[in-house]
Amino acid sequence: MTVALSGVRCSYRLDRPVVTIDELELTAGPVGLVGVNGAGKTTLLRTLAGARTPQDGTVTVDGDDLYGPRRRRVVQTIGYMPQEIQFPGELTVTQVLGYLCWLRRVPSRTAKAQSAEAVEAVGLADRAHQQTRRLSGGMRRRLALAAALVNEPRVLLLDEPTTGLDPEQRAGVREIIANLDSRCLVLMSSHVMEDIASVTSSIVVLHEGVVRYHGATSSFVAAHGGPNRSAELAFLTTIADA
Amino acid sequence: MIGAQGVWLGTARVRLLTAAALFTAGLPPVLDRDLSWLGSWKKALDQGTFSITTLGPVAAGIACVVYVRLRRSGVPDLLSQARRPWLGWLAPALGVWALASAAVLLICALTTTAAWAAGAHTYPELFWVVPPALAVLGAEVSIGAMMGSRIGHYWAAPWAAVSVFTLFILSSVGVVPGVFRTGGTSGSLSAETFAIHPIAAQAVAALGLGVAVMALSHWDLFRTSSTVHRGMCAVLVAAAIPALFRLHSDSDERYVSSSVEYECRDGQPTVCMLEETTRPLDDLAARMQRLAGPLVAAGVALPARFVQKLPGDSNLDEGSVRLFADEELGATVTDETAARSLAQPADCPAYSSDSPEDLPEVVFTIDRVLTHWILVQDGQASAPTEGGLADWWALPAEDQHPWVRTTYDALSDCRLNALRLPQ
Amino acid sequence: MTAALQAWGVGRVGLLIGAAVLLIETTATDQFLLPTFPDRLNGWALVPALVALTMAEPLVDRSPDLTRHATRSPVVIALARLALAYAGAGAVAGYCLLSPDGRMVAAYVLAALSLAAGTVALTGPWYWVPLLPISFAWLQHAAGDFPRPTFAIPAPTLVAVVAGSCLAYVGASAVREEVQRRQ
């Protein structure tokens, strides 16, 4: 599974691009996306999710243009967990996932099983029939992750999936990501360098919308993390040099 | 406090748009048919407060949306830590109510100003009916807020609007006490005014209802308010109960008779109308004075004054200005209306009788013939060439004068049984 | 599909059908006097107005965060929503047909939902704000006379109105999705 960006420019105002990426190729496996607030991480993730058309450039998923005529078919292979998501409070966890299966054209014969699998994967099996308004903040984050997983995506985009979770829940999310099919590309943004360093095999550092580093996470930490091999120091050094 | 209201109602632009939407929502009850309220300032004011009929449900829906947002935001938990939690909870509802009230006041100002500009006599002291109407609006907003807070879903907004609109209908047909009816009389309100007691009872009932409903919208926060606050609320709710009972029995007594004042236009004859509805007076007087010419030429003794009468009144010495409701409020009248009034030189008690002995059937035919004769003499209508009276209509005017004189004299003296059709 | 119907409030639609039947049985055949209405108002006139105000709810997207993840065409989603709303209104219209005088009302129930669908296309979740004054204006217009033969909607007109509103709603849904993707 390969996602490639070429000459991508995203902007909210014509004179100020938020993301400018000349070339970037992401391959299967867990990839970390790091950057300070406002670096353009969410805009990039939304663009990769097919939810925001870039002003210029192309995004391809295994060679298929994400914003081309086969867009819907390509998006079908992508799962996206946004930073914030509002679920209809009166629906249960199972109903929400069932609705998402319908929206994402998961065949009805497999929808039930896939929903159950996603619920199981995020550890919400015992809450499957609970209304979403009764879920805690952490549980809602996990439901959002289940929503991204429900169509068994080959590209999974997670926007700060561990925010708002306690240490145990964060470990749980890391475990989920580690257990995903190795052929699946997982792009995960986070402020917590510890999460990124422990889960991902490669890393993308985004600063002011431009890719400052893309390579193996271990090399990144080794090269920039000082004698203690601190992921956080590696990140800070990289953006300071930019 | 103001800041807290503002946050939940959006930016200044959003608030302005909300007020504009509320204003627009209040217009349909005002822009009914031919804007007849232009002819009566009292009716214009009544119609202005009646705008709450559609504006109130929209305000309730907006309040519902605001409280759904408020509840979903988790702010109520923060409010419980505030110095005045209950006021913080009330603030958004007060904000919606303030915007809606501004829209109602603007509509009332527009209707009454338009009526004044159209020539209606003004009664600014009657503006006291507006605050009770705004209290009703407050109760409607509180219902929306309560539904939003309790249901917690945006789909509740149209339901809140429909519920409040249904309450208006049920109030108007008397199924529930008339708390939610805020005007909309079909009469002209001439020689009438707003009844203080039922409207005061309505205001008390609306306030009590509003307070009770807001308390139910977040009972836990309400309980944290000061004893004085809770005591005041309890007093209002307690006062609302007898007020509701009073409204249930007096739902149709929103208006009562008032002193009768006339405005006149001198001439032959002098024409007088009730002070509230003088809009068509100039036109009516001019037409009646012109159309009186043929009657004078026929030698009849016209009454000195023609006066717009109230139901139940009778006066043998004065003619009757006979107007239908639409004519009373219109800017102009027709020659037929003027002729119809001239054809009744006295307001005989027998006109309100159901007995054919007091009010013979022929009176109605003679009334039509005399009215038509006046119009024919003025060139506004042509004489019938068919029917039982065709021969009489064909006579020269001088030959018709004796019948006109005799008939008019009998009508002036209320000798209705002496009336005969032309031979 | 069941999950989608649940998310759009199929339960509430069922409740509304029940409420509409109750209204028809208890009030619609009555006449009552309302302020400013010169004639007595036939209860039937309330039915299309209330259907428009409440039955259009499934047409409003109350969970846009989820819809953003859809890979189904917005046209298909919009048509499915319309199907649910029209099924509800159709059930009420069907019940009207069983009642005396109801034939004319049935056409108005569908026309009223069409108007609501058009309003949803224009104003989204705030559709009920313009609908309320429009409903009042309708009651004023129809006071005392509805349902009478003079109110009959010719079948081709009804079909055109329903089709036109569906087109407007579906078109607006597609445009909205495209605009969101470009923001």
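Residues numbered from 1 in each chain as written. Chains lettered and ligands numbered in written order. Predicted model: local features only at pLDDT ≥ 70, side-chain atom pairs only at ≥ 80, totals over all residues. Heavy atoms only, no water.

Remarks on the overall build of chain A
- The secondary structure content of chain A amounts to nine helices and ten strands.
- Computed over the C-alpha atoms, the radius of gyration of chain A is 18 Å, within 12% of the 18 Å expected from 2.2 N^0.38 for a compact globule of 242 residues.
- C-alpha extents for chain A along the principal axes are approximately 50 × 45 × 35 Å.
- Expressed as a percentage of the 242 residues in chain A, the buried residues total 54%.
- Considering only contacts in chain A between residues 6 or more positions apart, those separated by 24 or more positions represent 65%.
- Carbon and sulfur atoms form 49% of the exposed surface of chain A, whose accessible area is close to 10700 Å². (Helix = DSSP H or I, 4+ residues; strand = E, 2+ residues; numbered from the N terminus. Rg over C-alpha atoms; globule rule 2.2 N^0.38 Å. Buried < 20%, exposed > 50% of the residue type's maximum accessible area, 1.4 Å probe, protein only. Contact = heavy atoms within 4.5 Å. Areas by Shrake-Rupley, 256 points an atom, 1.4 Å probe, with all protein chains shown as cover.)

Details of the state of the cysteines
Residue and element names in this part refer to chain B.
- Under the criterion given, the structure shown has two disulfides over all chains.
- The disulfide partner of C264 is C272, and the S-S distance across this bridge is 2.0 Å. Residues C264 and C272 are joined by a disulfide whose S-S torsion is about 110°; by sign, that bridge is right-handed.
- Note on C264: relative accessible area 27%, which makes it partly exposed.
- Among the residues examined, C272 registers a relative accessible area of 0% and is labelled buried.
- Two residues, C348 and C414, share a disulfide whose sulfurs are 2.1 Å apart. Across the disulfide from C348 to C414, rotation about the S-S bond amounts to roughly -90°, and the bridge is consequently left-handed. With C348 in the loop between α15 (335-342) and α16 (362-377) and C414 in the segment after α18 (397-412), this residue pair connects regions lying 66 residues apart in the sequence.
- Look at C348 and you get buried, because its relative accessible area is 2%.
- C414 gets classed as partly exposed once you look at its relative accessible area, which sits at 21%. (Disulfide = S-S within 2.5 Å.)

Regarding the UniProt feature "transmembrane region" (unreviewed entry) in chain B
Residues and elements named next belong to chain B.
- Per the UniProt record, the feature "transmembrane region" (unreviewed entry) sits at residues 48-68, 89-114, 126-147, 159-179, 199-219 and 231-249.
- Secondary structure across residues 48-68 divides into 95% helix and 0% strand, with the first and last C-alpha atoms of the span separated by 30 Å.
- Spanning residues 89-114, this segment combines 100% helix with 0% strand, and its end C-alpha atoms are found 39 Å apart. (UniProt positions renumbered as here; feature names shortened; annotations may be inferred.)

Some remarks on the sheet that holds strand β4 (residues 270-274) of chain B
Residue and element names in this part refer to chain B.
- Taken in spatial order, the four strands make up an open sheet running β3-β4-β5-β6, and their pairing is mixed. Looking along the sheet, the strands with just one partner apiece sit at the ends: β3 (262-265) and β6 (319-321). For this sheet the average axis-to-axis angle between neighbouring strands, irrespective of direction, equals 25°.
- Seen against the sheet, helix α13 (residues 281-297) touches β3, β4, β5 (305-308) and β6 and runs at an angle of roughly 150° to β4. (Pairing = 2+ DSSP bridges. Axes fitted to C-alpha atoms, helices over the stretch in contact; angles between N-to-C directions.)

Quick look at the domain arrangement of chain B
All names here are of chain B.
- Assigned domains of chain B: these are domain 1 (2-257) and domain 2 (262-418).
- Between the C-alpha centres of domain 1 and domain 2 the distance comes to 47 Å.
- Taken residue by residue, the interface counts 16 residues in domain 1 and nine residues in domain 2.
- Between domain 1 and domain 2, a total of about 1100 Å² is buried, with carbon and sulfur atoms accounting for 54% of that surface.
- Per-residue buried area on domain 1 facing domain 2 is highest for G39, H121 and S190; these three make up 35% of the total on that side.
- Remark: the boundary between domain 1 and domain 2 carries one salt bridge.
- Across the pair E276 and K42 runs a salt bridge, and its minimum N-O distance is 2.7 Å.
- Inspection of the domain 1/domain 2 interface yields six residue pairs in polar contact (both at pLDDT 80 or more). (Domains from an automatic or database assignment. Buried area = accessible area lost by both parts, 1.4 Å probe. Salt bridge = Lys/Arg side-chain N within 4 Å of Asp/Glu carboxyl O. Polar contact = N/O pair within 3.5 Å; in protein donor to acceptor, adjacent residues only side chain to side chain.)

As for the interface of chain A and chain C
- Each partner contributes residues to the interface: chain A has 29 residues there, and chain C has 25 residues.
- Counting each side, the surface lost to burial between chain A and chain C is near 2500 Å², with a carbon and sulfur contribution of 57%.
- The largest per-residue losses of area from chain A upon contact with chain C belong to R72, Y99 and W102 of chain A, which jointly make up 33% of the total buried on that side.
- Applying the counting rule to chain A against chain C returns two salt bridges.
- Run the count over chain A and chain C and you get ten residue pairs in polar contact (both at pLDDT 80 or more).

Observations regarding the interface of chain C and chain B
- Every contact between the two is made by 25 residues of chain C and, on the other side, 30 residues of chain B.
- Summed over both sides, the interface between chain C and chain B buries roughly 2400 Å², with carbon and sulfur atoms accounting for 81% of that surface.
- For the pair chain C and chain B, the number of links is zero salt bridges.
- At the boundary of chain C with chain B, the tally comes to zero residue pairs in polar contact (both at pLDDT 80 or more).

Quick look at empty space enclosed by the protein
Residues and elements named next belong to chain C.
- Under the counting rule described, the total for this entry stands at two cavities of 30 Å³ or more.
- Looking at the second largest cavity, its volume works out to about 30 Å³.
- Sorting the residues of the lining of the second largest cavity by element identifies α2 (10-28) and α3 (46-55) as the ones contributing at least two each.
- When residues in the lining of the second largest cavity are grouped by element, the largest group, three residues, is from α2.
- Per-class residue counts for the lining of the second largest cavity are five nonpolar, two polar and two charged. (1 Å grid on protein atoms, 1.4 Å probe; cavity = no way out; pocket = protein on both sides within 12 Å on 5 of 7 lines; lining within 4 Å. Points joined across faces, edges and corners; volume = space filled by probe spheres on them. Nonpolar A, V, L, I, M, F, W, Y, C, P; charged D, E, K, R; others polar.)

Comments concerning the packing of α3 of chain C against helix α5 (residues 74-98) of chain C
All names here are of chain C.
- For the pair α3 and α5, the least separation of the axes is 10 Å and the interaxial angle reads 160°. One element, α3, and the other, α5, form an angle in the roughly antiparallel class. Classified by chirality, the crossing of α5 by α3 is right-handed. Residues V47, V51 and M55 of α3 lie in contact with α5, whose contacting residues are A85, G88, A89, V92 and C96.
- When grouped by side-chain class, the residues that make up the contact of α3 with α5 number seven nonpolar, one polar and no charged. (Parallel < 35°, antiparallel > 145°, perpendicular 65-115°, else oblique. Left-handed = near helix turned anticlockwise from the far one by under 90°.)

Topic: the domain arrangement of chain A
Residue and element names in this part refer to chain A.
- We note that the domain assignment places domain 1 (26-52 + 61-77 + 154-242) and domain 2 (85-152) within chain A.
- Using C-alpha coordinates to define each centre, domain 1 is positioned 23 Å away from domain 2.
- Taken together, the 15 residues of domain 1 in the interface contact 13 residues of domain 2.
- Together, the buried faces of domain 1 and domain 2 total about 1100 Å²; carbon and sulfur atoms form 56% of this surface.
- Across the domain 1-domain 2 interface, the total number found is zero salt bridges.
- There are five residue pairs in polar contact (both at pLDDT 80 or more) connecting domain 1 and domain 2.
- Listed by contribution, the elements that provide at least two residues to the side of domain 1 that touches domain 2 are α2 (71-75), β7 (155-159) and α6 (167-179).

A word on the environment of D283 of chain B
Residues and elements named next belong to chain B.
- Structurally, the position occupied by D283 is in helix α13.
- Taking the C-alpha atoms as reference, D283 lies 29 Å from P29; in sequence the two are 254 residues apart.
- Those residues in contact with D283, other than ones at most four positions away along the chain, are A331, T332 and V333.

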